[in-house]
Amino acid sequence: MELTGVPVNIFVFGDLVLDHFIPLTVKPQPYQAVPGEQVFDGHPRRTIPGGAANCARLIASLGSGRVCLWGLSGYSPWGSFAQILDRSHRSNRADRGVIFYGSHNEARRMNTITRLVRIDESGLRYREFRVDDVQKVKATKGQQRDAIEYLRSEAKRGIHGIIFNDHDMGSLTEALVRGIGSFANDTDIPMFVDPKRNWSRYKKIHVTCALPNLKEWCHIVRDPNGEATWRREINNRQLERFATRCLRYMPNVDFHLIKCDRDGAVLIAPLSGSRRLIRHIKAPTQTRNQQLGPGEILVAALAMEYAGDSDQDDQSQRMFDALGNALGVVACYLEKDWQEVPSASEIQ
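Below or above, wherever it landed, is the structure these notes cover. Residue positions are given per chain, counted from 1 along the sequence in the order it is written. This being a predicted model, a pLDDT of at least 70 is required before a residue's local features are given, and a value of 80 or more before pairs of side-chain atoms are given or counted; all residues contribute to the totals for chains, interfaces and linings. The side-chain numbers reported here are obtained from all heavy atoms of the structure, hydrogens and water having been left aside.

With that settled, the discussion passes to the sheet that holds strand β12 (residues 191-194). Strand pairing in a sheet relies on backbone hydrogen bonds, with the paired strands running either antiparallel or parallel. Only when DSSP finds a minimum of two bridges between them are two strands counted as paired. Helix numbering and strand numbering both begin at the N terminus, where a helix is a DSSP run of H or I of at least 4 residues and a strand a DSSP run of E of at least 2. The strand order across the open sheet formed by nine strands is β7-β5-β1-β11-β12-β13-β14-β15-β16, and the pairing between neighbours is mixed. Among the strands making up the open sheet, the edge pair consists of β7 (99-100) and β16 (276-281). As defined by bridge partners, strand β5 (residues 67-70) adjoins β7 across two bridges and the pair is classed as parallel. Looking at β7, one finds that Cys68 is bridged to Ile99. Of the strands in this sheet, β1 (10-14), β11 (161-165), β12, β13 (207-210) and β14 (253-259) touch helix α8 (residues 294-307), which is tilted by about 170° from β12. Contacts between residues were defined by any pair of non-hydrogen atoms, one from each residue, lying within 4.5 Å. The axes used here are C-alpha line fits, helices contributing only the stretch in contact, and every angle between their N-to-C directions lies in the interval 0 to 180 degrees.

In structure tokens:
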């Protein structure tokens, strides 16, 4: 597997999160505790920039072009989001970093997800508790204007791909998406969308590839309780209905990639005329540490590889080739420590 060597510039827009981990091991006796209270030994905590930052950090680690990131950030007791982002990628590639164009406001708290993680005697990790401190603050008109101006400024250097990483936390408003989408469509920049459950903000722009997970996709196609049924259709190789639903509810998308975790993914790609090719793709094996964020890694690697293969005239073949490499990147990511992005040499 050989990743693209072409310098590509990618702009990532989306919701920003701090993933805060508290590792615990069972404390050996003797100790004093309230009856019924569990006692653990604490270990050094980790705070990692997540959400859309996962996409940007991976591209910065693997690519040779510019990677820009926009989102909303706020107060954190562990430092500003920009500082935490800088620390995270400096340890991986000191010569490259993410260009952070985000809008910071000390008056609001940073979106933070805290996990208590138990480590057993064999070193296996188990997610015991998760605490969400999510503000869901919408971007203001001024912040939206700034985001589009940053995009226009970077376009003077050349932008080869745009990623929307949507966690439905408020930063990606319909007006902002439409403004970015109009500019991208007018300048022929490929767009990759990792949506939540709401497709309405994307339906008026032309999207190169949409990458919802199966649960999100069920909401988009108006079957919110149908996940088990659709999984059976994957395993029974009854995939035509996937294409029918995609074309009905997401007709403005060239390629649909439905991420189905343990059941792999379903890819719907255009052929000549109105024909579509449907493929079931097996999943890379999950690691024992239950790695976080493989979906974000997939969209980042896919966008980078697709953008780097612009000489390929057959767009479906271009997407297949990019997806093959992207799955290789995800497989390597799954072997890493939590949210630690791989380097090009590790992937080789």
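Once you've had a look at it, read on.
Right, let's talk about the pairing of β14 for a bit. If a strand is regular, its side chains alternate between the two faces of the sheet. Among the seven residues of β14, six are classified as buried, and the element is accordingly described as predominantly covered. Of the strand pairs in this sheet, β13 and β14 are connected by three bridges, and their pairing is parallel. Each residue of the ladder has a partner; that of Val207, found in β14, is Val253. Burial classification: accessible surface area is computed with a 1.4 Å probe over protein chains only, and a residue below 20% of its type maximum counts as buried, one above 50% as exposed, and the rest as partly exposed.

This paragraph deals with the nonpolar core. The biggest cluster of nonpolar side chains holds 53 residues, and the ones touching the most others in it are Val12, Leu69, Ile163, Phe192, Leu257 and Leu302. Side-chain atoms within 4.5 Å are what join buried Ala, Val, Leu, Ile, Met, Phe, Trp, Tyr and Cys residues into a set we call a nonpolar core. Counting residues in each nonpolar core, the second largest holds 44 residues, with Tyr101, Leu176, Ile189 and Ala210 among its members.

Attention shifts here to helix α1 (residues 52-62). Of all 11 residues that make up α1, 11 are buried, and the element is covered over most of its length. Buried within α1 are the following residues: Ala52, Ala53, Asn54, Cys55, Ala56, Arg57, Leu58, Ile59, Ala60, Ser61 and Leu62.

Our focus in this paragraph is the pattern of salt bridges. Every case where a carboxyl oxygen of Asp or Glu lies within 4 Å of a side-chain nitrogen of Lys or Arg is listed as a salt bridge. Going through the model one piece at a time under the given rule, you end up with 18 salt bridges. Linking Asp132 and Arg130 is a salt bridge whose minimum nitrogen-to-oxygen distance equals 2.7 Å. Residue classification places Asp132 among the partly exposed positions, given a relative accessible area of 42%. Between Lys259 and Asp194 there is a salt bridge, and its shortest N-O distance comes to 3.2 Å. Placement of Lys259 in strand β14 and of Asp194 in strand β12 is noted, with a sequence separation of 65 residues between them. The pair formed by Lys259 and Asp194 is uniform in burial state, with each residue classed as buried. One connected set of salt bridges, linked through shared partners, spans Lys215, Glu227, Arg231, Asp261, Arg262 and Asp263.

Turning our attention to the packing of α8 against helix α9 (residues 315-334). Where α8 contacts α9, the two axes come as close as 8 Å, and the packing angle between them is 140°. Here α9 runs oblique to α8, going by the angle between their axes. At the point where α8 passes α9, the crossing takes the right-handed sense. On α9, the residues that touch Pro294, Ile297, Leu298, Ala301, Leu302, Glu305, Tyr306 and Ala307 of α8 are Gln315, Arg318, Met319, Ala322, Leu323, Asn325, Ala326, Leu327, Val329, Val330, Tyr333 and Leu334. Residues of the contact of α8 with α9, tallied by class, amount to 16 nonpolar, two polar and two charged. Relative orientations are named as follows: roughly parallel for angles under 35 degrees, roughly antiparallel for angles over 145 degrees, roughly perpendicular for angles from 65 to 115 degrees, and oblique for any other angle. Definitions for this section: a left-handed crossing has its near helix turned counterclockwise from the far helix by less than a right angle. A right-handed crossing has that turn clockwise. In the scheme used here, Gly and all other residues not listed as nonpolar or charged are polar, with Ala, Val, Leu, Ile, Met, Phe, Trp, Tyr, Cys and Pro taken as nonpolar and Asp, Glu, Lys and Arg as charged.

Within the span of helix α7 (residues 240-249), buried status applies to Phe242, Ala243, Arg245 and Cys246. Around the axis of α7, the buried residues are gathered within 165° of arc, so they sit on the same side. For α7, exposure combined with an orientation more than 90 degrees from the buried face picks out Thr244 and Arg248. Structurally, α7 contributes buried residues whose contacts are with α5 (214-220), α6 (227-235), β14, β15 (265-270) and β16. Note that the arc is computed from the directions linking the helix axis to the C-beta atoms.

Limitation: the analysis is restricted to geometry and does not speak to function.
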